[in-house]
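# A structural walkthrough
Here is how the chains run, residue by residue.
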Amino acid sequence: MTTTAARHVGVIGLAVMGENLALNIERNGFPIAVYNRTWERTEEFINGRASGLNVAAGKTLPEFVALLERPRRIIIMVKAGAPVDAVIAELIPLLQEGDMIIDGGNSLFIDSERRSKEVEAANLHFVGMGISGGEEGALWGPSLMPGGPKQAYILLEPMLQAIAAKAEDGEPCVTHIGPGGSGHYVKMIHNGIEYGDMQLIAESYDVMRHALGMTAPQIAAVFAEWNKGPLASYLIEITAEVLAYTDPETGAPLVDLILDTAEQKGTGRWTSQNALELGSPIPTIDAAVFARTMSSMKERRVAASQALKGPNPEDIAAMTSRIDPPRLLGYLERGLLFAKISSYAQGMALLRAASDSYNWGLDLAEIARIWRAGCIIRAELLEPIRAAFGAQPDLENLLLSIGFLDIVNEGAGACRSVVTLARSIGVPVPAHSASLDYFDSYRTAALPANLTQGQRDYFGAHTYRRIDKPGIFHTEWNAEPAS
Ligand code: 6PG
């Protein structure tokens, strides 16, 4: 440990994400200072993982702040919510004009909007920075989504570019997202998309085991194969590894021993809540959020499984005996790709809606670019998505991009086959269904909302418009017809 030269950047909070980010920064040649609420934790870090490295530590917050060069760059890596406010409140009186507070947690973007106003009012800068890639990403190269004043971003850029993941073309996975809470907003959408991807993958797995009776290692081999094609992505790669893992205690596939209740910390739910608020449909992500909720009702599901009936077992057996496995696996692969593209189209459309609503000027091509590596949703698919928005910055919906038209028009058929089969054998595929319904609704020129309008006008005189003449109309629906 050395404490001589002024430190380029400081990290507050030495839980695993904070520690790993600090080590990443140090490895990339930026002198760093760290601070943790408890000195024991700090000591453990500097005498342990940071021993021999160029890391200085402050015992108190004023001591830590004094270690930093001006303008100060301070990254907060504490639990989202009240702890972030507490640290900011303690920091403000210790800082000077132009210093920067960067929140690297999974904060709700509305909190970041508020904090940016509070911090800017003290003549300091606030940057709400989404960080994706988990522990490994923080250490070796995350995808970074910083939002806040451009002048603060410029001062942070060399360090952020150095520590960020690099895509295949060598581009660092960081960009200035926009003002205020936009960085955390984009991270929230990333997580919503992550929920959608994970649920879609889980459904493919479920269809394979129920329709084809495949074992976990057999399914692992299918995902490993898919990872060589257009579905290639981090999540498909780890899915193959999770499915192939043998429990050392029992010799059984570990996945078969894991309780089927998925937890959630809230970012997926926030995405759905915001989509409802902005009126921008994201049914695949909604389905994924509720699938987790449904999974958590384990006891109720076990009880209901005794009372509620699925399709007749003989019918299921007859149906599954007629399946040609390679054919179904082909449908599943192309259906998953289609469902994923539909989900990304929803997520990108929500980003556009938020950008318009909050006046953020988001660059969707740039956002797709920085998701190509480092983050949890990194995937081959993100390069064509980047290219689509790069070529057509005002592209209204990804489904309509020239580069995607053939893939989605063909893939919809595969997804339809998967959903139809799953329904017939009683396997729930809510995210696949939602992706397909989004596509079918979006491509339908005349939806049945004419009837909905008729009903609204009937019971509430809410009026309606007609297709054959302009104007607003109301009808006395239950009046005696004139004779
Ligand atoms: C990431 C992850 C990360 C975290 C999620 C998990 O981008 O690195 O998204 O942020 O793993 O918060 O969220 P849930 O606990 O809600 O699944």
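In this text, all values refer to a predicted model and were calculated from it rather than measured experimentally.

In terms of helices and strands, the chain carries 20 helices and seven strands. If you line up the chain on its principal axes, its C-alpha atoms span 90 × 65 × 45 Å. Taken across its 483 residues, the chain has 50% of its residues classed as buried. Surface exposure of the chain reaches about 22800 Å², of which carbon and sulfur atoms provide 55%.

Topologically, Leu235 is positioned in helix α10 (residues 234-244). Separated by 41 residues in sequence, Leu235 and Glu194 have C-alpha atoms that sit 8.7 Å apart. Once you skip the residues sitting within four places of it in the chain, Leu235 turns out to touch Glu194, Asp197, Met198, Ile201 and Ile376.

Around the ligand sit 14 residues, and of these Ser132, Glu194, Tyr195, Lys265 and Arg292 come closest. The fraction of the free accessible surface of the ligand (410 Å²) that becomes covered by protein chains is 80%. When residues of the shell around the ligand are assigned to their parent elements, the largest contribution, five residues, is made by helix α8 (residues 182-212). Mapped onto the domain boundaries, the shell around the ligand takes at least three residues apiece from domain 1 (9-180) and domain 2 (188-442).

Roughly 350 Å³ of volume is contained in the second largest pocket. Along the walls of the second largest pocket sit Ala449, Asn450, Gln453, Gly454, Thr463, Tyr464, Arg465, Arg466, Ile467, Ile472 and Trp477, which together make up its complete lining.

Another point: the domain arrangement of the chain. In many reports, interface size means the accessible area that the parts give up when they come together. Each assigned domain of the chain is listed here: domain 1 (9-180), domain 2 (188-442) and domain 3 (448-483). Of note, the centres of domain 2 and domain 3, computed from C-alpha atoms alone, are 40 Å apart.

In this section: the pattern of salt bridges. Under the criterion given, the structure shown has 25 salt bridges. With a shortest N-O distance of 3.2 Å, Asp169 and Arg372 are connected by a salt bridge. Separated by 203 residues along the polypeptide, Asp169 in the loop between α7 (150-163) and α8 and Arg372 in the loop between α16 (364-370) and α17 (382-391) bring together distant segments of the chain. By relative accessible area, which is 14% here, Arg372 ends up buried.

Turning our attention to the packing of α8 against α10. Packed helix pairs are characterised by how far apart their axes lie and by the angle those axes make with each other. Taken N-terminus to C-terminus, the directions of α8 and α10 make an angle of 45°; their axes are 11 Å apart at the nearest point. On the basis of the axis angle, α8 is oblique to α10. For the pair α8 and α10, the crossing hand works out as right-handed. The residues of α10 that touch α8, namely those facing Glu194, Asp197, Met198, Ile201 and Tyr205, are Leu235, Ile236, Thr239 and Leu243. Here the contact of α8 with α10 is built from residues that sort into six nonpolar, one polar and two charged.

Here we come to the nonpolar core. Residues Val207, Phe223, Leu351, Trp371, Ile385 and Leu398 are the most contacted members of the largest nonpolar core, which totals 91 residues. In terms of residues, this core owes the most to one element, helix α15 (residues 325-358), which gives 15 residues. Counting contributing residues, this core receives three or more from each of domain 1 (9-180) and domain 2 (188-442). Non-local contacts of Phe223, meaning those with residues more than four positions away in its chain, are made with Ile201, Ser204, Tyr205, Met208, Ile236, Thr239, Ala240 and Leu243.

Using the criterion set out here, one finds two cavities of 30 Å³ or more in the structure. There is about 50 Å³ of room inside the largest cavity. In terms of lining residues, the largest cavity is bounded by Asp197, Leu200, Ile201, Leu231, Ser233, Ile236, Leu336 and Lys340. If you list the elements that add at least two residues to the lining of the largest cavity, you get α8 and α15. At three residues, the largest contribution of residues to the lining of the largest cavity is made by α8. Residues of the lining of the largest cavity, tallied by class, amount to five nonpolar, one polar and two charged. Of the voids in this model, the second largest cavity is the one considered here, and its volume is about 30 Å³.

Let us look at the pairing of strand β4 (residues 73-76). The two faces of β4 match: Arg73 and Ile75 on one face and Ile74 and Ile76 on the other face are all buried. Pairing between strand β1 (residues 9-12) and β4: three bridges, direction parallel. When the sheet's bridge partners are listed, Val11 is paired in β4 with Ile75. By the bridge criterion, four bridges tie β4 to strand β5 (residues 100-103) in an arrangement that is parallel. Pairing of Ile76 across the sheet is with Asp103, part of β5.

Another aspect to go through is the packing of helix α12 (residues 283-296) against helix α19 (residues 430-442). Their axes nearest at 8 Å, the elements α12 and α19 cross at an angle of 165°. On the basis of the axis angle, α12 is roughly antiparallel to α19. The crossing of α12 and α19 is right-handed. The segment α12 lies against α19, with Pro283, Thr284 and Ala287 engaging Pro430, Ala431, Ala434, Ser435 and Tyr438. Residues that form the contact of α12 with α19 fall into these classes: six nonpolar, two polar and no charged.

Reading the values: the criteria
Residues numbered from 1 in each chain as written. Predicted model: local features only at pLDDT ≥ 70, side-chain atom pairs only at ≥ 80, totals over all residues. Heavy atoms only, no water. Helix = DSSP H or I, 4+ residues; strand = E, 2+ residues; numbered from the N terminus. Buried < 20%, exposed > 50% of the residue type's maximum accessible area, 1.4 Å probe, protein only. Areas by Shrake-Rupley, 256 points an atom, 1.4 Å probe, with all protein chains shown as cover. Contact = heavy atoms within 4.5 Å. Near = heavy atom within 4 Å. Domains from an automatic or database assignment. 1 Å grid on protein atoms, 1.4 Å probe; cavity = no way out; pocket = protein on both sides within 12 Å on 5 of 7 lines; lining within 4 Å. Points joined across faces, edges and corners; volume = space filled by probe spheres on them. Salt bridge = Lys/Arg side-chain N within 4 Å of Asp/Glu carboxyl O. Axes fitted to C-alpha atoms, helices over the stretch in contact; angles between N-to-C directions. Parallel < 35°, antiparallel > 145°, perpendicular 65-115°, else oblique. Left-handed = near helix turned anticlockwise from the far one by under 90°. Nonpolar A, V, L, I, M, F, W, Y, C, P; charged D, E, K, R; others polar. Core = buried A, V, L, I, M, F, W, Y, C linked by side-chain atoms within 4.5 Å. Pairing = 2+ DSSP bridges.

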